[in-house]
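# A closer look at the structure
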Amino acid sequence: MTEILSQFRFHGKPVSHERYGNGHINITYLVVDDTDRKYILQSINNNVFRAPEVLMKNMVAVTTHLRHKNQQEREVLSLIPTVSGAYWYVDATQQFWRAFPFITDTISLDLVETPADFRESAIAFGTFQKYLADFPAHTLAETIPHFHDTPKRYEALQQAIDADVCGRAQQVANEIAFALSQRAYASTLVDLQKEGQLPLRVTHNDTKLNNVLFDRATRKALCVVDLDTVMPGLSANDFGDSIRFGATTAAEDEQDLDKVNFSLPLYEAYVEGFLSVCGDSLTDCEIAHLRDGAKMMTLECGVRFLTDYLSGDTYFHIHREGHNLDRCRTQFKLVAQMDTLWATMQQIIDDCMAQRKTGRAST
């Protein structure tokens, strides 16, 4: 570790390092130097990210652009250069390393505690979209090809159903039937993008609440983190993944489905916060399909969980028998409820946009 630490231009000499956080992908350390400054040091999991150099080039380009838009030190991730001037270091085992200044006096949340917290996360991700609206998304590489290509996810599901390697298909016939009933819908956003109606944007692609840092004292959202999956995508998908994760009354793996419900108040809080900062940066077509993003990301995750369950739980880490099936069922229940609330979901978006126009007209 001494050799790795010596490669980065920290303000002072590193005096300690220890494992930090509860992430499951990369290995993270908290580093302290002799001036008492703190840093995050990470090694990139190249089993998940097969092209770490491409990933880092994306990250450098995006964080540089964001820094031009926002000079506040705590509100944008900054990469620390190495002694060679690069922004990552490759060790003798071909492991990629990077470092960031530690953003002090912050907290992250794994679950939505209040609508205000959820609205703040919406402001953070909406600001991310706003600042990157003029970034040429096509210049970024896909770090995980077809990541939010929902029709491709359905192809994988069909293969898992046909193979039925664990003999589980019969016991989940209802879940399979529900998934297949939505298959025609699954291409909605992909088709609109191919037709040129939905523009490619710089997207985060993992817009969960816990990828936002909040100020510990004020509870205001400060900074979007975990930029490994930043690549070209659709704004609706980023919006939708936040809704999928946060606008629900239960955990993603809740076993008691009576506790799982789609929360319109949380959805409305997120819509209002998100559009308050990036409503002017999105096209009319993007705004019209935000609710599709919410349903699509929830459906896609449910399909992925079901696929993994049928395949023997080979992708998502499980903690109990049937864990992926529990996850699948929560997502499918949320999708079904969104279908019943479809008109209301759009009305909330329309009302928020109308209020924005009224507010601008009165100023």
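Preceding block: the structure.
Residues numbered from 1 in each chain as written. Predicted model: local features only at pLDDT ≥ 70, side-chain atom pairs only at ≥ 80, totals over all residues. Heavy atoms only, no water.

## Quick look at the side chain of Thr203
Heads up, the condition is: Strands here are runs of E lasting at least two residues and helices are runs of H or I lasting at least four, both read from the DSSP assignment and numbered beginning at the N terminus. Summary of the burial criterion: residues with accessible area below 20% of their type's maximum are buried, those above 50% are exposed, and those between are partly exposed, where the area comes from a 1.4 Å probe applied to protein chains only. Contacts described as polar in this section are N or O atom pairs within 3.5 Å, which, within protein, must combine one atom able to donate a hydrogen with one able to accept it, while residues neighboring in sequence count only if both atoms come from side chains. The contact definition used throughout considers only heavy atoms, calling two residues in contact when any of these lie within 4.5 Å.
Topologically, Thr203 is positioned in strand β7 (residues 201-203). With relative accessibility at 0%, the residue Thr203 sits in the buried group. Of note is the side chain of Thr203, whose polar atom sits 3.0 Å from the backbone oxygen of Met231. Polar contacts involving the side chain of Thr203 include one to the main-chain amide nitrogen of Gly233, which spans 3.3 Å. If near-sequence neighbours (up to four positions away) are discounted, Thr203 is found in contact with Phe128, Gln129, Thr229, Val230, Met231, Pro232, Gly233, Leu234, Ser235 and Asp238.

## With respect to the pairing of strand β5 (residues 96-101)
Let me state the cut-off plainly: For two strands to count as paired, DSSP must find a minimum of two bridges between them.
Judged by how many residues are buried, β5 sits mostly within the fold: five of six residues are covered. Two elements, strand β3 (residues 38-43) and β5, share five bridges in a ladder whose sense is antiparallel. Across the sheet, residue Tyr39 finds its bridge partner in β5, namely Pro101. Relative to β5, strand β4 (residues 89-90) is paired through two bridges, and the arrangement is antiparallel. Paired with Val90 across the two strands is Phe96, which belongs to β5. In textbook terms, the turn of a hairpin is the stretch between consecutive antiparallel strands, and for β4 and β5 this stretch comprises five residues, one of which, Gln94, has a positive phi near 70 degrees.

## Regarding the packing of helix α3 (residues 115-131) against helix α8 (residues 264-278)
Defined as follows: Geometry is summarised by axes, namely lines fitted to C-alpha atoms with helices restricted to the contacting stretch, and by angles between N-to-C directions that run from 0 to 180 degrees. Geometric relationships in this document are graded by angle, where less than 35 degrees denotes roughly parallel, more than 145 denotes roughly antiparallel, 65 to 115 denotes roughly perpendicular, and other angles denote oblique. Put simply, a crossing is left-handed when the front helix is turned counterclockwise from the back one by less than a right angle, and right-handed when it is turned clockwise. Nonpolar residues are Ala, Val, Leu, Ile, Met, Phe, Trp, Tyr, Cys and Pro. Charged residues are Asp, Glu, Lys and Arg, and all others, Gly as well, are polar.
Where α3 contacts α8, the two axes come as close as 7 Å, and the packing angle between them is 30 degrees. Taken together, the axes of α3 and α8 are roughly parallel relative to one another. Crossing of α3 over α8 shows right-handed handedness. Seen from α3, the contacting residues are Pro115, Phe118, Arg119, Ser121, Ala122, Ile123, Phe125, Gly126, Thr127, Gln129 and Lys130; seen from α8, they are Leu266, Ala269, Tyr270, Glu272, Gly273, Phe274, Ser276, Val277 and Cys278. Split by residue class, the contact of α3 with α8 holds 11 nonpolar, six polar and three charged.

Coordinates in, geometry out; function isn't part of it.
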